[in-house]
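Tertiary structure, described
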Amino acid sequence: MASSHSSSPVPQGSSSDVFFKKEVDPTKHIRPVQSLPDVCPKEPTGDSSSLCVAPSLVTDQHRWTIYHSKVNLPAALNDPRLAKRESDFFTKTWGLDFVDTEVIPSFYLPQISKEHFTVYQQEISQREKIHERCKNICPPKDTFDRTLLHTHDKSRTDLEQVPKDYLKKTSQAVKMLRDKIAQIDKVMCEGSLHILRLALTRNNCVKVYNKLKLMATVHQTQPTVQVLLSTSEFVGALDLIATTQEVLQQELQGIHSFRHLGSQLCELEKLIDKMMIAEFSTYSHSDLNRPLEDDCHILEEERLISLVFGLLKQRKLNFLEIYSEEMIITAKNIIKQCVINKVSQIEDIDTDVVLKLADQMRMLNFPQWFDLLTDIFSKFTIFLQRVKATLNIIHSVVLSVLDKNQRTRELEEISQQKNAAKDNSLDTEVAYLIHEGMFISDAFSESELTPIAIDTTSQRNASPNSEPCSSDSVSEPECTTDSSSSKEQISSSVTPGAVDIMVNEDVKLSDLELGKLANNIQELLYSASDICHDRAVKFLMSRAKDGFLEKLNSTEFISLSRLMETFILETEQICGRKSMSLLGALQSQANKFVNRFHEERKTKLSLLLDNERWKQADVPAEFQDLVDSISHGKIALPEKKSGATEERKPAEVLTVEGQQYAVVGTVLLLIRIILEYCQCVDNIPSVTTDMLTRLSDLLKYFNSRSCQLVLGAGALQVVGLKTITTKNLALSSRCLQLIVHYIPVIRAHFEARLQPKQYSMLRHFDHITKDYHDHIAEISAKLVAIMDSLFDKLLSKYEVKAPVPSACFRNICKQMAKMHEAIFDLLPEEQTQMLFLRINASYKLHLKKQLSHLNVINDGGPQNGLVTADVAFYTGNLQALKGLQDLDLNMAEIWEQKR
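These numbers were taken from a predicted model, which means no experiment stands behind them. (Residues numbered from 1 in each chain as written. Predicted model: local features only at pLDDT ≥ 70, side-chain atom pairs only at ≥ 80, totals over all residues. Heavy atoms only, no water.)

**Concerning the overall build of the protein chain**
Scanning the protein chain from terminus to terminus reveals 28 helices and four strands. Classification of the 899 residues of the protein chain by burial places 36% in the buried group. Taken as a whole, the protein chain presents about 55,000 Å² of accessible surface, with 55% of it coming from carbon and sulfur. (Helix = DSSP H or I, 4+ residues; strand = E, 2+ residues; numbered from the N terminus. Buried < 20%, exposed > 50% of the residue type's maximum accessible area, 1.4 Å probe, protein only. Areas by Shrake-Rupley, 256 points an atom, 1.4 Å probe, with all protein chains shown as cover.)

Rendered as structure tokens:
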């Protein structure tokens, strides 16, 4: 069979070739030896003659031998001994049913034209010019052979003319010369050549020895990996496997005894992947389920770092999902264990009767349940701190790998820039002519080529994949030659894509993947906070099934709200983001609490108003202290004083910033209720807007209900009053004025706790103030109307006659005195004066109307004198009342102007 031409032979040069070859260093320009066959056959054994007949792998390594022969399919199909090539080589055994059909050209293959070779022709034209120029410098081999043949024929003709007694002598002389040369060769050359052969053999033996040492090292890979795995050194095991795979692909390629080692290492690598995932799962369980103490140290930090590095190296990025699942399980167990511990401490709970843990938990009273929730929140806080510490280690590992990738990429870019600068400095016109298996260059002198060869040699020596050399047995250039030859074997037998994979096998994650992984780690920390909050919400909802949370009083709910807000703030500080589930549950419960809080107080106020008899109430000392604290800027209920307190007598009026307010008992309690709303806002800031709306509704309800009971005389039916007196009206007006006094204070308190965008809600207080002022004005008008009806009734019967003062005016003065007596102690002096001025104006209007009806005019007559005397009596009695001495009555307005 024909041999393959994939390996070019190295032909032996003739004697005439020495005149055309340059003296060059064989270590620099000789083509490297091609790779040996996969399985090396045994060399022939026997005597020295048989050794000389058979080709030797050592002595004949620079020339073509039978070992370079290879069989391939084209050689078998193109057998020159066959007269005609068999066209049915593949199809002759397919049966009679096979029909050979014409293959239609594929539509997906492009039509090749000359334009497709334009770029190639442009690139090759420069090289073609250099090749032609080199042909002129060094003629082809055929020219040399024809010249030598012509010379040989000419010499033969000349020799025929020489006599035979000269050829014989010449032959004898030549024989003697050859004998002498043979003796000289035996004495002076054979020993030296034998030494060179021994040196070459020694070098080859050293190379074989180094290969065997490398094979012995590779043979120990699997036991070493097992030892590393027994100590959980996954990264070291993976590095060893990667290094061994690289050696198998490069230095030990084609070794028959290692043909299965590569696949075994791949399977071992897959096993390590599973072991690392299982180990990380075990680590996560151990880390998250250890006792939750105050310290948040990291469990086996070096072990964690090793695991993360190994998982990143193998692109097993789902380990975060494993950690997330373990967090969920741990959060459930924390609550379960806390409930078990708390229930076991309560003797009243019979766990044999109440089997379910949730039912046992619902049997706890508020203090016990509150302590349990506090313990759960404390455990969750430590749990999140522990998770954060672990994730910080993982995050730092990812960032270190990312930083290493960036630095490696920067170094590669710098190296590429240097190489590009070096390439640009070389002359582009480099010509190599392949002749007699050697490289010949006429474009550069030998001095210019030497630095390039030295640089190439140094780069090969610096390669981390080069085979180690023995300084005591092999010289440095020889070792370099072996390393470079192995490099060329790798580059010729491995595809470019595989080379990239080998070069970048330590960096299997891109910057984008690492950045995404770092973000996922941060999101996992957020998820840990959300998990804790979600479990806490479920715990709260489980306790709230029987309406437990809605039945809490203000103090209990405020304590619960503060505890939850503290936990939300702590988790936000730990994880860097506020979780909304627990906050939403708190807001929902707060809304329910606000509704119940408001309904309870509104119902209480309604009951107070329905039982209010609208009489002036004594003011206990605690209420006076309450309003005094408000005057000092403290809008809150006073704390209950422990121990015996000094009993103080209640006051008749409530003193507020120097003004006295006569009030009913309902208003005193209303002030306390208003302070409860304000204090609730301070304790639960999230309900500020709802509390503002509810308080506005409460104030409106008091205003409308008091109006119905007093002005609308509803108290007659509700309480059973006989009549609504002026004192009731004045007392109601004064109570309204007290509430109006505190509305600005309440408004400022809420304004300080609202967001700027919520300031529009403050308009409710403006509307309430207007409604209260309108109500107060209506009460004042009612008081005037009472006297107005009295004046109309009495003065309509007035007659200008003796005696003086008349009975009508005596009765009027008596009613004015009763009115004064009823309201003077309730209303401020200025309000009393303004009220009596309005009453006096009504009096003058009715008197003027009656005098006009009686035709009594200011003419100085007897009737005029009687009227003047009655008016003087009225004026004197009115100004004699307390606080009305300086009242300008202007009684001249009772007379009509003269026409």
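**Some details on a nonpolar patch on the surface**
Taken together, the side chains of Leu-159, Val-162, Tyr-166 and Leu-167 make up a nonpolar region of the molecular surface, amounting to roughly 370 Å² of accessible area. On the secondary structure map, Leu-167 appears in helix α6 (residues 164-219). With relative accessibility at 37%, the residue Leu-167 sits in the partly exposed group. (Patch = residues over 30% accessible without salt bridge, like charges linked within 9 Å, V, L, I, M, F, W, Y side chains within 5 Å. Salt bridge = Lys/Arg side-chain N within 4 Å of Asp/Glu carboxyl O.)

**Describing helix α24 (residues 726-751)**
Compared with an ideal rise of 1.5 Å per residue, which puts 26 residues at 38 Å, α24 spans 38 Å between its outermost C-alpha atoms and is within 8% of the ideal. The largest bend in α24 comes to about 30°, at Tyr-742, with the proline Pro-744 one to four residues further on. Across the 26 residues of α24, 19 count as buried, placing the element largely inside the fold. (Expected span 1.5 Å × (residues − 1). Bend = angle between axes of the 7 residues up to and from the residue.)

**Quick notes on the side chain of Lys-342**
By secondary structure assignment, the location of Lys-342 is in helix α11 (residues 319-345). For the buried Lys-342, which has no salt bridge, the nearest side chain bearing the opposite charge is Asp-371, at an N-O separation of 4.1 Å. Ignoring any residue separated from it by four or fewer positions in sequence, one finds Lys-342 in contact with Leu-364, Gln-368, Asp-371 and Leu-372. (Lys, Arg positive; Asp, Glu negative; His and termini not counted. Contact = heavy atoms within 4.5 Å.)

**A few points about the environment of Glu-570**
As for its position among the elements, Glu-570 is in helix α18 (residues 554-575). Glu-570 gets classed as partly exposed once you look at its relative accessible area, which sits at 33%. Through-space distance from the C-alpha of Glu-570 to that of Leu-384 is 9.8 Å; in sequence the pair is 186 residues apart.

**Considerations on helix α4 (residues 118-137)**
The end-to-end C-alpha separation of α4 is 29 Å, in line with the 28 Å expected for 20 residues at 1.5 Å each. By the largest-angle criterion, Ile-124 marks the main kink of α4, which is about 35°.

**Overview of the side chain of Ser-542**
Within the element layout of this structure, Ser-542 appears in helix α17 (residues 511-543). A residue is classified by how much of its surface remains accessible, and Ser-542, at 16% relative accessible area, is buried. When residues no more than four places from it in sequence are discounted, the contact partners of Ser-542 are Ala-358, Met-361 and Arg-362.

**Topic: the pattern of salt bridges**
With the rule as written, the count across this model stands at 20 salt bridges. Residues Arg-290 and Asp-287 are paired through a salt bridge, measuring 3.0 Å at the closest nitrogen-oxygen approach. Residue classification places Arg-290 among the buried positions, given a relative accessible area of 12%. Arg-577 serves as the salt-bridge partner of Asp-530, at 3.2 Å between the closest nitrogen and oxygen. Of this pair, Asp-530 sits in helix α17 while Arg-577 is found in the loop between α18 and α19 (581-610), placing the two residues 47 residues apart along the sequence. The partly exposed category is assigned to Asp-530, whose relative accessible area is 25%.

**As for the environment of Glu-652**
Topologically, Glu-652 is positioned in the loop between α20 (621-631) and β3 (654-656). Residues within four places of Glu-652 in sequence aside, it is in contact with Gln-616, Ala-617, Asp-618 and Val-619.

**A few points about the nonpolar core**
By size, the foremost hydrophobic cluster in this structure holds 195 residues, and its most contacted members are Ile-272, Trp-369 and Tyr-843. Contact partners of Trp-369, with chain neighbours within four places excluded, come to Met-361, Leu-364, Phe-539, Leu-540, Arg-543, Phe-548, Leu-549 and Leu-560. (Core = buried A, V, L, I, M, F, W, Y, C linked by side-chain atoms within 4.5 Å.)

**Some thoughts on the confidence of the model for the protein chain**
When pLDDT is averaged along the protein chain, the result is 78; 76% of the residues meet or exceed 70. Note that pLDDT drops below 50 for residues 1-52; the model gives that stretch 48 contacts with residues more than four away or on any other chain. Taken as a whole, residues 426-505 scores under 50 in pLDDT and shows 97 contacts with residues more than four places along the chain or in a different chain. (pLDDT = per-residue confidence, 0-100.)

**Section: the packing of helix α21 (residues 665-683) against α24**
Orientation of α21 relative to α24, taken along the N-to-C sense of each, is 5°, at an axis distance of 11 Å. When the interaxial angle is binned, α21 and α24 end up roughly parallel. Contacts between α21 and α24 pair Val-667, Leu-670, Ile-671, Ile-674, Cys-678, Val-681 and Asp-682 from the former with Cys-735, Leu-738, Ile-739, Tyr-742, Ile-746, His-749 and Phe-750 from the latter. Along the lines of polarity and charge, the residues of the contact of α21 with α24 split into twelve nonpolar, one polar and one charged. (Axes fitted to C-alpha atoms, helices over the stretch in contact; angles between N-to-C directions. Parallel < 35°, antiparallel > 145°, perpendicular 65-115°, else oblique. Nonpolar A, V, L, I, M, F, W, Y, C, P; charged D, E, K, R; others polar.)

**Concerning the packing of aromatic side chains**
Taken as a whole and assessed by the stated rule, the structure comprises 17 aromatic pairs. Consider the rings of Phe-380 and Phe-567, whose centres lie 6.4 Å apart with planes at 40°: the pair is tilted. Of this pair, Phe-380 sits in helix α13 (residues 366-425) while Phe-567 sits in helix α18; the two residues are 187 residues apart in sequence, bridging distant segments of the chain. Comparing Phe-380 with Phe-567 shows no difference in burial state: the two are buried. Ring geometry for Phe-597 versus Tyr-677: centroids 5.0 Å apart, planes at 75°, classification edge-to-face. Taken together, the residues Phe-597 in helix α19 and Tyr-677 in helix α21 connect sequence positions 80 residues apart. Comparing Phe-597 with Tyr-677, the two get one shared label, buried. A cation over an aromatic ring shows up here: Arg-543 above the ring of Phe-548, its NZ or CZ 3.6 Å from the ring centre. (Phe/Tyr/Trp six-rings, centres within 6.5 Å; stacked < 30°, edge-to-face > 60°. Lys NZ or Arg CZ within 6 Å of the ring centre and 35° of its normal.)

**Considering a negative patch on the surface**
On the surface, Asp-618, Glu-652, Glu-821 and Asp-825 cluster together to form a negatively charged patch. Mapped onto the elements of the fold, Glu-821 is located in helix α26 (residues 807-823). Exposure remark for Glu-821: the relative accessible area of 61% places this residue in the exposed category. (Charge placed at Lys NZ, Arg CZ, Asp CG, Glu CD.)

**A few points about unusual backbone geometry**
For residues besides glycine, phi is generally negative; the peptide bonds are generally trans as well. Cis geometry is found at the peptide bond from Ala-802 to Pro-803, where omega equals 0°. As for its position among the elements, Pro-803 is in the loop between α25 (763-795) and α26. With omega at -5°, the peptide bond leading from Val-804 into Pro-805 counts as cis. Within the fold, Pro-805 resides in the loop between α25 and α26.

**What about the packing of helix α8 (residues 234-249) against helix α9 (residues 261-288)?**
Viewed as axis vectors pointing N to C, α8 and α9 meet at an angle of 165°, and their least axial separation amounts to 10 Å. As the angle between them shows, α8 and α9 are arranged roughly antiparallel. Along this stretch, α8 crosses α9, giving a crossing that reads as left-handed. Residues Phe-234, Ala-237, Leu-238, Ile-241, Thr-244, Gln-245 and Leu-248 of α8 form the contact with α9, whose own contacting residues are Leu-261, Gly-262, Leu-265, Cys-266, Leu-268, Glu-269, Ile-272, Met-275, Met-276 and Glu-279. By residue class, the composition of the contact of α8 with α9 is twelve nonpolar, three polar and two charged. (Left-handed = near helix turned anticlockwise from the far one by under 90°.)

**Details of the environment of Leu-238**
With respect to the helices and strands, Leu-238 occurs in helix α8. Sequence separation between Leu-238 and Leu-265 is 27 residues; the distance between their C-alpha atoms is 9.7 Å. If sequence neighbours within four positions are ignored, Leu-238 has contacts with Glu-269, Ile-272, Met-276, Gly-310, Lys-313 and Gln-314.

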